[in-house]
Amino acid sequence: MKKRIGILIFIACSFIFSCKESSTNNATYSKDIAPIIYKNCTPCHRPNQIGHFNLQTYTDVQSNAKAILYTVSNHLMPPWPADIHYTRFANELVLEDKEIELIKTWVNNKCPIGDSNAIPPVPNYPARSLLGTPDLTIPVIPRKIIGDFNDQFLLIKVPFALPTETYAHTIEFVPGNTNVVHHVNADIVRFNETKKANVFDGNWVHNTVTDSTIKDAYQKMGMLHDDGSYPTLHRNAMNYLPGVMAQEYPDGIGDILLGKKNAFLFSDIHYGPYWEDTWDSSYINIFFSKTPPNRTVKEFQLGTLGVSPVLPALIIPADSIVTVCSKYVLPEPISVITLNPHMHLLGKSFWGFAVPPSGDTIPLIRINNWDFNWQNYYKPKKPIVIPAGTVIYAQGVYDNTSKNPFNPNKPPKTITDKNGTMRTTDEMFQFIIMYLEYQKGDEEMVLEKEKK
Ligand code: HEC
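The sections below set out a description of the structure shown in this document. (Residues numbered from 1 in each chain as written. Predicted model: local features only at pLDDT ≥ 70, side-chain atom pairs only at ≥ 80, totals over all residues. Heavy atoms only, no water.)

A few points about the environment of Asp-251
The residue Asp-251 is located in the loop between strand 7 (232–240) and strand 8 (256–258) in this model. It is 9.5 Å that separates the C-alpha atoms of Asp-251 and Arg-295, two residues lying 44 residues apart in sequence. If sequence neighbours within four positions are ignored, Asp-251 has contacts with His-169 and Thr-291. (Helix = DSSP H or I, 4+ residues; strand = E, 2+ residues; numbered from the N terminus. Contact = heavy atoms within 4.5 Å.)

Some details on unusual backbone geometry
A cis geometry characterises the amide bond from Met-77 onward to Pro-78, with omega recorded as -10°. In this structure, Pro-78 sits in the loop between helix 4 (65–73) and helix 5 (97–108). Following Leu-311, the chain continues to Pro-312 via a peptide bond in cis, the omega torsion being -15°. In this fold, Pro-312 is placed in the loop between strand 12 (298–303) and strand 13 (315–316).

What to know about helix 4
Listed in full, the buried residues belonging to helix 4 are Ala-65, Ile-68, Leu-69 and Val-72. Taken end-on, helix 4 shows its buried residues confined to a sector of 100°, consistent with a single buried face. Seen from the buried face of helix 4, the exposed residues on the opposite side, beyond 90 degrees, are Lys-66 and Tyr-70. Where helix 4 is buried, its residues touch helix 3 (58–63) and helix 5. (Buried < 20%, exposed > 50% of the residue type's maximum accessible area, 1.4 Å probe, protein only. Arc of directions from axis to C-beta.)

Topic: the site of the ligand
Around the ligand, the surrounding shell holds 21 residues, and the nearest of these are Asn-40, Cys-41, Cys-44, His-45 and Met-77. Contact between the ligand and His-45: a nitrogen atom at 2.7 Å from a side-chain N or O atom of the residue. Take the shell around the ligand: its biggest share by element is four residues, from helix 4. (Near = heavy atom within 4 Å. Polar contact = N/O pair within 3.5 Å; in protein donor to acceptor, adjacent residues only side chain to side chain.)

Here it is as structure tokens:
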């Protein structure tokens, strides 16, 4: 009996394998592999990009075949921390199972090139912008990076003046030196022009690690009006992560009012460690609105400094794993257009979902292996419509043991959110939700940009 079952399983398996093989066993570089690599890997694995080595030619890919197979079968590359079995996004970087299967077969067949004349041309990446011709380009103050293998987390001010009030539709950060520029989160500050004599005053660079409070930093950086009052702050106007394109919303959505005197405030720019002295000169491209803005992107956040407290309070004792949560009852119906979970170095996993007064749970996002280096802004394919009265939940797990390779303290020590100092070595727990006030028809709005 046992034997018969064994044979049956054997037959079933060979049947499954032969079916799979018949669809992928002819995989060649020119026909199957190059298009996958160009679309999913080359954006980062090309000269002057973050991926350390190039994946542009047959030789590049063939000579790294083993490492490629390992990283794609283990879903390490392309980097996309969100669980695709939970929710999918318009801006996701993922390989479909079919594509992974093709790569597997191709590597196992010793990387056949196929018709070498039919290899599609390597994508052409425009040098100064990935989106088109900007209306305005503003340089970020060039910075010398000392080659001492240290991370730097800085506040940087990028002031700019305009002849008239204007709306920005899309804002793109272009890294100067991708060896060192790791990520950027920036707000736009719009000054009341009569209350700010010189928008270019103050220190343009500020070290976030050694200074105690943010307000202090703002003062030193000339980010306040001359009378000490606060200018208008538009949070999260620009975000950059290697390989991730700028946020683009449909026309009329998400436009940001710029005054005559403004500044970008990089609330966080991370320069990664490097082995020799080098320079960075990054810049910002602004694309002005072509149609009048009609819907404002709003945001709220659960957790640290947000609309709902972290429960229990964010205190993570040394050598412990701690789970916290935050929940918020939504007062009005909204159409969610971006999700941004945020934790620091001790983060282990993150989960966000919504429970409406009636009906099924609305899944938002799940990140099973938190990676501080890949903090995406997750844009759903269509707005996620959430009715009033829904409870939005966020849950985060923190690992403050020495098993966490990102733990900044050896040995671990007790870490808290210190009321939101935002220092990388303190912790935060935030679920930032960007949304539009709900309008009928939002369910069908397409947020995914057409692929050119
Ligand atoms: C968003 C940018 C990005 C994309 C897209 C990307 N990579 Fe990477 N890749 C990196 C970075 C950065 C590293 C360096 C390791 C790290 O920081 O995680 C890396 C490392 C690697 C490594 C070396 C891993 C190791 O342990 O040394 C391989 C192999 C690799 N990538 C393959 C790929 C393949 C294949 C694709 C496409 C299917 C891809 N990558 C897409 C950024 C990217």
